[in-house]
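Residue-level structural notes
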Amino acid sequence: MTNNAMLMPVAGFVLAYAAILLTPGPNLFAIGGIAAMRGLRASLPLCAGIASGASLLSVVICSATEWGRASPMLEHSARAVAALLLLYVAAQLLLRQPPNQIDPRSMALSARDKMATFLAGVATAATNPITAAFFASQFLGTLTDSATRAAALGLVPCLALLSGVTFGFLLS
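Keep in mind it's a predicted model, so treat the numbers as computed, not measured. (Residues numbered from 1 in each chain as written. Predicted model: local features only at pLDDT ≥ 70, side-chain atom pairs only at ≥ 80, totals over all residues. Heavy atoms only, no water.)

**Digging into the overall build of the protein chain**
We apply this condition: A run of H or I in DSSP becomes a helix once it reaches four residues, and a run of E becomes a strand once it reaches two; helices and strands are each numbered from the N terminus. The cut-offs for exposure are 20% and 50% of the maximum accessible area for each residue type, with area from a 1.4 Å probe on protein chains only; residues under the lower value are buried, those over the upper are exposed, and the others partly exposed. Areas reported as accessible are Shrake-Rupley estimates using a 1.4 Å probe. Residue values count occlusion only from the protein chains shown.
Secondary structure assignment for the protein chain yields seven helices and zero strands. In the protein chain, the succession of α and β elements from N to C terminus is α-α-α-α-α-α-α. Classification of the 172 residues of the protein chain by burial places 36% in the buried group. For the protein chain, the computed accessible surface area is about 9,700 Å², with 71% contributed by carbon and sulfur atoms.

**Considerations on the nonpolar core**
Basically, it comes down to this: To define a nonpolar core, start from buried Ala, Val, Leu, Ile, Met, Phe, Trp, Tyr and Cys residues and group those joined through side-chain atoms within 4.5 Å. For this analysis, residues touch if any pair of their heavy atoms sits within 4.5 Å.
Within the largest apolar cluster, 25 residues are counted, with the highest numbers of intra-cluster contacts made by Phe-13, Tyr-17 and Phe-135. Mapped onto this core, the elements with two or more residues apiece are α1 (3–22), α2 (26–38), α3 (40–67), α6 (129–142) and α7 (146–171). Ranked by the residues each element gives to this core, the list is headed by α3, at nine residues. Setting aside residues no more than four positions away along its own chain, Phe-13 makes contact with Phe-134, Phe-135, Gln-138, Leu-143, Ala-152 and Val-156.

**Observations regarding the environment of Ala-132**
With respect to the helices and strands, the residue Ala-132 is situated in helix α6. Judged by its relative accessible area of 22%, Ala-132 falls in the partly exposed class. When the C-alpha positions of Ala-132 and Leu-57 are compared, they lie 6.9 Å apart, and in sequence the two are 75 residues distant. Not counting the four nearest positions on each side in its chain, Ala-132 is found in contact with Leu-57 and Ile-61.

**As for the packing of aromatic side chains**
Quick reminder of the rule: Paired rings are identified among Phe, Tyr and Trp, the last through its six-membered ring, by centres lying within 6.5 Å, and are further divided according to the angle between planes into stacked (under 30 degrees), edge-to-face (over 60) and tilted (the rest).
For the structure on display, the rule yields three aromatic pairs. Relative to Phe-135, the ring of Tyr-17 has its centre 5.3 Å away and its plane inclined at 40 degrees; by these criteria the two rings are tilted. Taken together, the positions of Tyr-17 in helix α1 and Phe-135 in helix α6 put the pair 118 residues apart, joining distant regions of the chain. Considered together, Tyr-17 and Phe-135 belong to a single accessibility category, that of buried residues. The rings of Phe-13, Tyr-17 and Phe-135 are connected pair by pair, giving a single aromatic cluster.

**Overview of a nonpolar patch on the surface**
So the rule is basically this: Put simply, a patch holds well-exposed residues, over 30% relative accessible area, that have no salt bridge, with like charges counted together within 9 Å and Val, Leu, Ile, Met, Phe, Trp or Tyr side chains within 5 Å. What makes a salt bridge here is a side-chain nitrogen of Lys or Arg within 4 Å of a carboxyl oxygen of Asp or Glu, nothing more.
A surface patch of nonpolar side chains, amounting to about 320 Å² of accessible area, comprises Phe-169, Leu-170 and Leu-171. Relative to the assigned elements, Phe-169 resides in helix α7.

Here's what the structure looks like:
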């Protein structure tokens, strides 16, 4: 496949995925909540988790379309893990008392909270039905050859991370 023939489907993928990333959904609501309450720095582990989860989701869907089999049990398990992690993060946010005075050190997340926030981001993005539907349509239709699939898979984490950090910055 020539460079121009590969560039058009990948460019279309980038534009369409950018639109998906800007659509209000679980990813943006999670980032927005953390960034609005705790600031951009606290939302960075979530952004990294969402980028990782989107990458994981794209690889899984690409593989599933390649191999032609998907497991409903895996989807239900991933959704359960996502729900538990989001509940944990929500409980941590709700149960903490706000600091008496605003001190940048008090807004910092502990290592355990950073890991939980990262994993919540992975689970949120990996079980996002909007993103899953988009990836399935792309890998079943437009991105049928291995070169364009590889290019698209490489762009997913970059685009998701850029989108998340930008949105977190705007809300912090």
